[in-house]
Number of protein chains: 2
Amino acid sequence: MFREKIKVLDCTIRDGGLINNHYFTDEFVRAVYKSLSEAGIDYMEMGYRSSRTFASAASYGPWKYCDDDKISQIIDGIKSDTKISIMVDAHRVGDQEFRPVDQSPVDMIRVATYVKDIDKAIAMTQKAHDLGYETAVNIMAVSAENERDLVEALDQLAATPADVIYIVDSYGYFFCEQIEYMAHLYRQHLPGKELGIHCHNNQQLAFANTVEGIIHNVNYVDASLYGIGRGAGNCPLELVMGFLKNPKFNLTPILKVIQDYMMPMLKELEWGYLIPYMVTGILNKHPESAISMRKTADKDKYAEFYEKIRDSLDAL
Amino acid sequence: MFREKIKVLDCTIRDGGLINNHYFTDEFVRAVYKSLSEAGIDYMEMGYRSSRTFASAASYGPWKYCDDDKISQIIDGIKSDTKISIMVDAHRVGDQEFRPVDQSPVDMIRVATYVKDIDKAIAMTQKAHDLGYETAVNIMAVSAENERDLVEALDQLAATPADVIYIVDSYGYFFCEQIEYMAHLYRQHLPGKELGIHCHNNQQLAFANTVEGIIHNVNYVDASLYGIGRGAGNCPLELVMGFLKNPKFNLTPILKVIQDYMMPMLKELEWGYLIPYMVTGILNKHPESAISMRKTADKDKYAEFYEKIRDSLDAL
């Protein structure tokens, strides 16, 4: 599958940072940037531009804030055509600062939002656009949204300068037919906009659903090294590269950074397919309950966890 | 997705046995049978009925031979509606014996074959059918077969008493559109026959491709506990159960046997998604080279392995 318009965004540092409070070392972030650059990946997302008022600097590493100067220091001296993106949570906007694009290493600002915060997301998107950035809006957890509300949000977004609108399966609930449905719904309500997709791997469907999105004309694709990300993680970048036949891609540097950094990291951080994440996925719930239970002595009591979560839903 | 005709076959012991030369303990096999029975799974595949001439009893455990009396001993006293299947390799038929079905605990005989051995497979299928067994033919590695040869084999099979013909993605190469294509091809050439699907997880697509098969009217579905199977393994049974909404299924006993047996086993046996298996998958090759390299000191030199396999193909 080669379609030149397809852009791949690596969210290793951003989504992976949700596992370790964004405490990746400079050496690692630089190694990732170097390998993505050599591999021909279109975008690297460095993390969040969070407010230090809402998120105390005592509790988080540098990739929670993604200061321009920090990013510049990391990428300094590395030959690259890879663009830089950062993410902002629409519901947690405070004292963040954004320089005009020509004074920043950042190329794209992606606004993550729930449907309920769409007006905040639009305001932030407009601001980023006016400063010269490429802009994207990632509507999270759409599998759990009321469809009429979602459609209203899409119709609002159609009238904004946002370049890309993402389908985000935060809970890893969707299977292929639902991705197809969403891609058509977004297409219908967002004429002229690019669509993006961000999948989670609770049911081992992140890559399959990403391919499904691509088949239905989604052109912006999120992935991460060896699928790193909160809970079950994301669509593995190496699989996306194996699928896309764009001759500009080079898989070797990606496999190199996986063997040198991701495999050792997997001994210290947990991500990927595990039964508790599968359980929240099939039940269309936020992975928080699974992440919590994985920190307890009962972390491998799968049957008990499943019955507890299922029964709590049945009791509603 | 609830379609009553869908039958789920667990191949934990059979495909998993390829990792440990079929040396599963009686206790484990009995625990699997009990949990599948409680969960409402339709079939359990116990292993191979191999010839002791071709496969010396000194080198393999009991599930390489699946003697009727051995199976009877395992299932004795367990209340169950789960049928038993065994597999026979068409190209390795020797001194195996088959009792008439009413003197055997086995319900179904599945014949695994390459296209080149289709005539042997048909002879074995006829023999099993005449003895009263349900019969299936699993055509392996179809992603690497010449399509005209495959079609000829399908046309031959159409005239046999085989109940089910399986699409087998031995190399884990296919993505959804190719499964759809195969399902239509099989349907067209096998009027009136049930179709089955057996996927491998090299690209984390085993479950997604199984769902794709189901969407395109495949009714026999192979899966295994936590995806156990040679190399990248199979479609995880727990995911299939989460997808199928047949009220007869009960997920709890499956999660219980995974936590009690599969997770400890994963510390001793290797299966599942790993980069070397992904490499053979995207290159449409048998996993043997990846399985071998995983037994060497260079088992985590992914980039090197990829370049070696890729270059060996480019040199052809």
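So, how was this worked out
- Residues numbered from 1 in each chain as written.
- Chains lettered and ligands numbered in written order.
- Predicted model: local features only at pLDDT ≥ 70, side-chain atom pairs only at ≥ 80, totals over all residues.
- Helix = DSSP H or I, 4+ residues; strand = E, 2+ residues; numbered from the N terminus.
- Rg over C-alpha atoms; globule rule 2.2 N^0.38 Å.
- Buried ≥ 20, exposed ≤ 12 C-beta atoms within 10 Å, placed from the backbone.
- Contact = placed C-beta atoms within 7 Å.
- Pairing = 2+ DSSP bridges.
- Right-handed = clockwise from strand over helix to strand, strands pointing away.
- Domains from an automatic or database assignment.
- Nonpolar A, V, L, I, M, F, W, Y, C, P; charged D, E, K, R; others polar.
- Expected span 1.5 Å × (residues − 1).
- Arc of directions from axis to C-beta.
- Least-squares fit on C-alpha atoms with pLDDT ≥ 70 in both.
- Axes fitted to C-alpha atoms, helices over the stretch in contact; angles between N-to-C directions.
- Core = buried A, V, L, I, M, F, W, Y, C linked by C-beta atoms within 7 Å.
- Left-handed = near helix turned anticlockwise from the far one by under 90°.

## Regarding the overall build of chain A
1) Next: Assigned secondary structure in chain A consists of twelve helices and eight strands.
2) Next: Relative to the compact-globule value of 20 Å for 316 residues, chain A shows a C-alpha radius of gyration of 19 Å, a close match.
3) Next: Overall size of chain A, expressed as C-alpha extent along the three principal axes, is 55 × 45 × 45 Å.
4) Next: Residue burial in chain A is summarised as follows: out of 316 residues, 51% are buried.
5) Next: Once local pairs closer than 6 in sequence are excluded, the contacts in chain A between residues at least 24 apart make up 77%.

## Topic: the pairing of strand β3 (residues 83-89) of chain B
Residues and elements named next belong to chain B.
1) Next: Most of β3 is tucked away: six of the seven residues are buried.
2) Next: Bridge count between strand β2 (residues 43-48) and β3: four bridges; the pairing is parallel. For Tyr48, the partnering residue across the bridge sits in β3 and is Met87.
3) Next: Assessed by its sense of winding, the connection that carries the chain from β2 through helix α3 (residues 68-75) to β3 is right-handed.

## Some remarks on the domain arrangement of chain A
Residue and element names in this part refer to chain A.
1) Next: Assigned domains of chain A: these are domain 1 (7-265) and domain 2 (275-314).
2) Next: Computed from C-alpha atoms alone, the centre-to-centre distance between domain 1 and domain 2 is 26 Å.
3) Next: Contact with domain 1, which involves ten residues of that partner, is made by eleven residues of domain 2.
4) Next: Class assignment for the residues of the side of domain 1 that touches domain 2 results in four nonpolar, five polar and one charged.

## A look at helix α12 (residues 302-314) of chain B
Residue and element names in this part refer to chain B.
1) Next: Compared with the 18 Å implied by 1.5 Å per residue over 13 residues, the 18 Å span of α12 between its first and last C-alpha is a close match.
2) Next: Where α12 is concerned, the buried positions are Tyr302, Phe305 and Tyr306. The buried side chains of α12 occupy one side of the element, clustering within an arc of 100 degrees when seen end-on. Within α12, the exposed residues directed more than 90 degrees away from the buried face are Asp311, Ser312 and Asp314.

## Digging into the pairing of strand β4 (residues 108-113) of chain A
Two faces belong to every sheet, and in a regular strand the side chains alternate between them.
Residues and elements named next belong to chain A.
1) Next: Within β4, six of the six residues are buried, which leaves it mostly tucked inside the rest of the structure.
2) Next: Here β4 shows two buried faces, one formed by Met108, Arg110 and Ala112 and the other by Ile109, Val111 and Thr113.
3) Next: For β4 and strand β5 (residues 134-139), the ladder comprises six bridges, and the chain directions are parallel. Counterpart to Arg110 in the pairing with β5 is Ala136.
4) Next: As for the winding sense of the linkage, the β-α-β connection from β4 through helix α4 (residues 118-130) to β5 is right-handed.

## Let's talk about the relation of the copies chain B and chain A
1) Next: When chain B is fitted to chain A, the best match, at an RMSD of 0.0 Å, comes from turning it 180 degrees and sliding it 0.0 Å along the axis. Within this description, the copies of the chain are treated as partners about a two-fold rotation axis.

## Here we look at the sheet that holds strand β8 (residues 220-223) of chain A
All names here are of chain A.
1) Next: Pairing is parallel around the closed barrel formed by eight strands, whose spatial order is β1-β2-β3-β4-β5-β6-β7-β8. Between one strand and the next, the sheet's axes are offset by a mean angle of 25 degrees, whatever the strand orientation.
2) Next: In this structure, strand β7 (residues 194-199) lies alongside β8, joined through two bridges in parallel fashion. By the bridge assignment, Gly196 is partnered in β8 with Tyr220.
3) Next: Strands in contact with α4 are β3 (83-89), β4 and β5; relative to β4, the strand with the most contacts, it is inclined by about 175 degrees.

## Digging into the sheet that holds strand β8 (residues 220-223) of chain B
All names here are of chain B.
1) Next: With respect to topology, eight strands assemble into a closed barrel ordered β1-β2-β3-β4-β5-β6-β7-β8, the strand pairing being parallel. Recorded for the sheet is a direction-independent mean angle of 25 degrees between the axes of neighbouring strands.
2) Next: As defined by bridge partners, strand β1 (residues 7-10) adjoins β8 across four bridges and the pair is classed as parallel. By the bridge assignment for β8, Lys7 is matched with Tyr220.

## Digging into the environment of Lys248 of chain B
Residue and element names in this part refer to chain B.
1) Next: Within the secondary structure layout, Lys248 lies in the loop between α8 (237-243) and α9 (252-265).
2) Next: Since 12 C-beta atoms lie within 10 Å of it, Lys248 is described here as exposed.
3) Next: Considered as a pair, Lys248 and Ala39 are 209 residues apart in the sequence and their alpha carbons are 7.8 Å apart.

## So, the nonpolar core
1) Next: Ranked by internal contacts, the top residues of the largest apolar core, which has 207 residues, are Tyr166 of chain A together with Tyr166 of chain B.
2) Next: The contacts of Tyr166 of chain B, once residues within four sequence positions are left out, are Ala136, Val137, Asn138, Ile139, Gly196, Ile197, His198 and Tyr220 of chain B.

## Side note on the environment of Met265 of chain A
1) Next: Counting through the fold element by element, Met265 of chain A comes out in helix α9 (residues 252-265).
2) Next: The spacing of Met265 of chain A and Ile228 of chain A is 37 residues in sequence and 9.8 Å in space, taken between C-alpha atoms.

## Description of the packing of helix α6 (residues 176-189) of chain A against helix α7 (residues 206-215) of chain A
Packed helices, taken two at a time, are described by the angle between their axes plus the distance between the axes.
Residue and element names in this part refer to chain A.
1) Next: With their axes 9 Å apart at the nearest point, α6 and α7 run at an angle of 35 degrees to one another. The handedness of the crossing between α6 and α7 comes out as right-handed. Here α6 contributes Cys176, Ile179, Glu180 and Ala183 to the contact with α7, which in turn contributes Ala208, Asn209, Glu212 and Gly213.
2) Next: Across the contact of α6 with α7, the residue classes break down as four nonpolar, two polar and two charged.

## Description of unusual backbone geometry
Residues and elements named next belong to chain B.
1) Next: At Ala141, a position not held by glycine, the phi torsion is positive, near 55 degrees.
2) Next: Inspection of the secondary structure assignment puts Ala141 in the loop between β5 (134-139) and α5 (147-158).
3) Next: A count of 16 C-beta atoms within 10 Å places Ala141 in the partly exposed class.
4) Next: One non-glycine residue, Gln204, lies in the positive phi region at around 55 degrees.
5) Next: Within the element layout of this structure, Gln204 appears in the loop between β7 (194-199) and α7 (206-215).
6) Next: Under the C-beta neighbour-count criterion, Gln204 is labelled buried, with 25 such atoms within 10 Å.

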